[in-house]
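Spelled out from the first residue to the last, the chains are:
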Amino acid sequence: MRIVLGVGGGIAAYKVASLLRLFTEAGHKVTVIPTEAATRFVGIATWEALSGNPVTNNVFDDVDKVNHVRLGHEADLIVVAPATADLLAKAATGQANDLLTNTLLMAHGPVLFAPAMHSEMWQHPATCANVETLRSRGATVLEPAVGRLTGADSGPGRLPEPEAIFEAALALADLAEGVVDSNESITGVADVLAGNTSSETPLAGRIVTISAGGTREALDPVRFLGNRSSGKQGAALAAAALEAGATVRFLAAHMDVEPPAGVELVRVESALELRDAALKAAVDSDVVIMAAAVADFRPAQVSDTKIKKRDGEDAPVVHLVRNPDILHELVEVRDSGGGGQLIVGFAAETGDDDGDVLQHAMDKLRRKGCDLLVVNHVGVGRVFGQEDNSVVILSQRGDTPQPATGSKADVAAAVIERVAAELNRVSPAT
Ligand code: CTP
């Protein structure tokens, strides 16, 4: 298939290099037409090397070949990625002031736009109208993915993953060819064209370990020291990670709710048991989220028999010893070569005379060394066991704190979305 790959002037242009590779590796002949602005992000040499074809954006190059007419005319498929607000506007209004816009006006085959821009631009009435115009003329405009954008902000506007655009492009070409009857219900194709592609499952192929609930530290066979954690937030995180396509290892301490179906479940009781389970699960995990409320101390001695009250004797004194800091240990093991997991902690904080919630949380983030810290403001009657939640996500890199509020499911979705964005940032799909 002859494909024209138009590249718009947005930072996501770098991701289009891997889209180009997917096309060429699948045997398609690709002519890349970057806009002038796109070449400020990725140079012409890169596009020429990856496509194996000469690349220009100038209508006055190779005039004898009449490129501004020929390329669009001959293309079986035109894909524009990233389709910036500017490019969508130009295409919708039929402008023809460079090689790509000329080519779009000459298109004989299907045209696919994969937008990428800031949420405000995407949601602006002008862009909405342009998208509607293009769609009404038969072009396919994918929905952008939701997630972390170039700055500290997040929302709809991310370029869909290269694999998703690739799938959508091939599905569109098949529809145009009549290989697929658009009236038939063909699994995947409709979803792909609606943008419901792998960008909806950003954690597909990832292993996410999540600890949840409260540990119980035995005093004797019937008594323990525990805490108020219900495990609801951890369960919501697991559900969100499953929905994002991840394999979820769920390390459940004591919980008031059932873990979601579909997780690989490991039940634990004490901090020491959780430590062993977490270190083991982390080895081949991509992400570890420590949402469990881990007891910092445990009784120094555990009585084999029930501790009895005896007339005339003083009340027993319980001596405590420190439990290991599992989160910190996970970071240490990782940093000494034990894998490359993204490690996320949760912090339950109250303000006090030494500082407010955020100051304590920043200190904790530094102390623990994890990549992200999700901070809950707790107090008696707040957060523990409640349906709604309000958190701030802090990062070791020092990004602007990201607030998330709503039901525990909403907060979980925000955390998982951020996790997916961080993973993409660590290993961009290029
Ligand atoms: N955590 C852990 N091991 C511990 C204690 C806590 O892995 N022994 C993890 C929790 O799962 C959570 C994070 O550390 O992800 C912060 O928990 P929190 O109770 O807020 O912090 P503490 O280290 O216990 O600090 P503090 O002295 O404020 O209680």
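Quick caveat: nothing in here was measured; it's all calculated off a predicted structure.

Calculation criteria
Residues numbered from 1 in each chain as written. Predicted model: local features only at pLDDT ≥ 70, side-chain atom pairs only at ≥ 80, totals over all residues. Heavy atoms only, no water. Core = buried A, V, L, I, M, F, W, Y, C linked by side-chain atoms within 4.5 Å. Buried < 20%, exposed > 50% of the residue type's maximum accessible area, 1.4 Å probe, protein only. Helix = DSSP H or I, 4+ residues; strand = E, 2+ residues; numbered from the N terminus. Contact = heavy atoms within 4.5 Å. Pairing = 2+ DSSP bridges. Right-handed = clockwise from strand over helix to strand, strands pointing away. Phe/Tyr/Trp six-rings, centres within 6.5 Å; stacked < 30°, edge-to-face > 60°. Axes fitted to C-alpha atoms, helices over the stretch in contact; angles between N-to-C directions. Parallel < 35°, antiparallel > 145°, perpendicular 65-115°, else oblique. Left-handed = near helix turned anticlockwise from the far one by under 90°. Nonpolar A, V, L, I, M, F, W, Y, C, P; charged D, E, K, R; others polar. pLDDT = per-residue confidence, 0-100. Patch = residues over 30% accessible without salt bridge, like charges linked within 9 Å, V, L, I, M, F, W, Y side chains within 5 Å. Areas by Shrake-Rupley, 256 points an atom, 1.4 Å probe, with all protein chains shown as cover. Salt bridge = Lys/Arg side-chain N within 4 Å of Asp/Glu carboxyl O. Lys, Arg positive; Asp, Glu negative; His and termini not counted. Charge placed at Lys NZ, Arg CZ, Asp CG, Glu CD. Near = heavy atom within 4 Å. Polar contact = N/O pair within 3.5 Å; in protein donor to acceptor, adjacent residues only side chain to side chain. Expected span 1.5 Å × (residues − 1).

K.L.:
So, the nonpolar core: which residues are in play, and what are the values?
P.N.:
Core analysis: the largest hydrophobic core is formed by 36 residues, its most contacted members being Leu203, Ile210, Leu237, Ile289 and Val419. Of all the secondary structure elements, the ones that give two or more residues to this core are β8 (207-212), α10 (232-243), β11 (247-252), β13 (287-290), β16 (342-349), β17 (372-377), β18 (388-395) and α14 (408-426). Counting residues per element, this core draws most heavily on α14, at 8 residues. Contacts of Leu237, omitting those with residues within four sequence positions, involve Ile210, Ile289, Ala291, Phe346, Ala412, Val415 and Ile416. Counting residues in hydrophobic clusters, the runner-up holds 30 residues, among them Leu5, Val16, Leu19 and Val79.

K.L.:
Before we move on, can you summarise the pairing of strand β1 (residues 2-7) with the specific residues and values?
P.N.:
The buried count for β1 comes to 5 of 6 residues, which makes it a mostly enclosed element. Pairing between β1 and strand β2 (residues 29-34): 6 bridges, direction parallel. The residue bridging Val7 from the neighbouring strand is Pro34, located in β2. In the classification by handedness, the crossover that spans β1, the intervening helix α1 (residues 13-25) and the parallel β2 is right-handed. One ladder, built from 4 bridges, connects β1 with strand β3 (residues 77-83); its direction is parallel.

K.L.:
Before we move on, can you summarise the packing of aromatic side chains with the specific residues and values?
P.N.:
Going through the model one piece at a time under the given rule, you end up with 1 aromatic pair. Consider the rings of Phe23 and Phe166, whose centres lie 5.6 Å apart with planes at 55°: the pair is tilted. On the criterion of sequence distance, the pair formed by Phe23 in helix α1 and Phe166 in helix α8 (residues 162-177) is long-range, its members being 143 residues apart. Residue Phe23 is classed as buried on the basis of its relative accessible area, which comes to 0%.

K.L.:
Break down the packing of α1 against α8 for me, with residues and values.
P.N.:
Where α1 meets α8, the axes come as close as 9 Å, and the angle between the chain directions of the two elements is 45°. One way to sum up the angle between α1 and α8 is to call them oblique. Where α1 crosses over α8, the handedness of that crossing is right-handed. Residue-level contacts link Lys15, Ser18, Leu19, Leu22 and Phe23 of α1 to Pro162, Glu163, Ile165, Phe166, Ala169 and Leu170 of α8. Looking at side-chain class alone, the contact of α1 with α8 contains 8 nonpolar, 1 polar and 2 charged residues.

K.L.:
How would you summarise the sheet that holds β1 if you had to cite specific residues and measurements?
P.N.:
One open sheet accounts for 5 strands, arranged β2-β1-β3-β4-β5; its pairing is parallel. Looking at the sheet topology across the chains shown, the edges are occupied by β2 and β5 (140-141). Against the sheet, helix α2 (residues 44-51) engages β1 and β2, with an angle of about 175° to β2. Docked against the sheet, helix α4 (residues 85-92) engages β3 and β4 (111-115), running at close to 140° with respect to β3.

K.L.:
Explain the environment of Ala164 residue by residue, including any values.
P.N.:
Considering the arrangement of structural elements, one finds Ala164 in helix α8. Spatially, the C-alpha atom of Ala164 lies 10.0 Å from that of Ala145, the residues being 19 residues apart in sequence.

K.L.:
So what about the confidence of the model for the chain? Which residues, and what values?
P.N.:
Any region with low pLDDT has predicted coordinates that should not be read closely. With 89% of its residues at a pLDDT of 70 or more, the chain shows a mean pLDDT of 88. Every residue in residues 181-191 is under pLDDT 50, and counting partners more than four places away or in other chains gives 7 contacts.

K.L.:
Explain a positive patch on the surface residue by residue, including any values.
P.N.:
Residues Lys306, Lys308, Lys309 and Arg310 make up a contiguous surface patch of positive charge. Tracing the backbone through its elements, the reader meets Lys306 in the loop between β14 (297-299) and β15 (320-322).

K.L.:
Can you break down the site of the ligand residue by residue, with the values?
P.N.:
Lining the immediate environment of the ligand, one finds 14 residues, of which Met290, Ala292, Phe346, Lys364 and Lys368 sit closest. Contact distances for the ligand include 3.0 Å between a nitrogen atom and a backbone N or O atom of Ile326. Between Leu327 and the ligand, the recorded distance is 2.7 Å, taken from a backbone N or O atom to an oxygen atom. Its free accessible area being 570 Å², the ligand has 78% of it covered by the protein chains. Among the secondary structure elements, those contributing two or more residues to the shell around the ligand are α12 (326-335), β16 and α13 (357-368). Looking at the shell around the ligand residue by residue, the class counts come to 9 nonpolar, 1 polar and 4 charged.

K.L.:
Describe the packing of α1 against α2, and please don't skip the residues or the numbers.
P.N.:
It is at 9 Å that the axes of α1 and α2 come closest, and there the two elements cross at 15°. The pairing of α1 with α2 is recorded here as roughly parallel in orientation. Judged by the sense of rotation from one axis to the other, the crossing of α1 with α2 is right-handed. From α1, Ala13, Val16, Ala17, Leu20 and Thr24 reach across to α2, where they touch Trp47, Leu50 and Ser51. Across the contact of α1 with α2, the residue classes break down as 6 nonpolar, 2 polar and no charged.

K.L.:
So what's going on with α10? Which residues, and what values?
P.N.:
An ideal rise of 1.5 Å per residue puts 16 Å on 12 residues; α10 measures up with 16 Å between its terminal C-alpha atoms. Of all the residues in α10, the buried ones are Gln233, Gly234, Ala235, Ala236, Leu237, Ala238, Ala240 and Ala241. Just beyond α10, the residue with positive phi is Gly245, at close to 95°.

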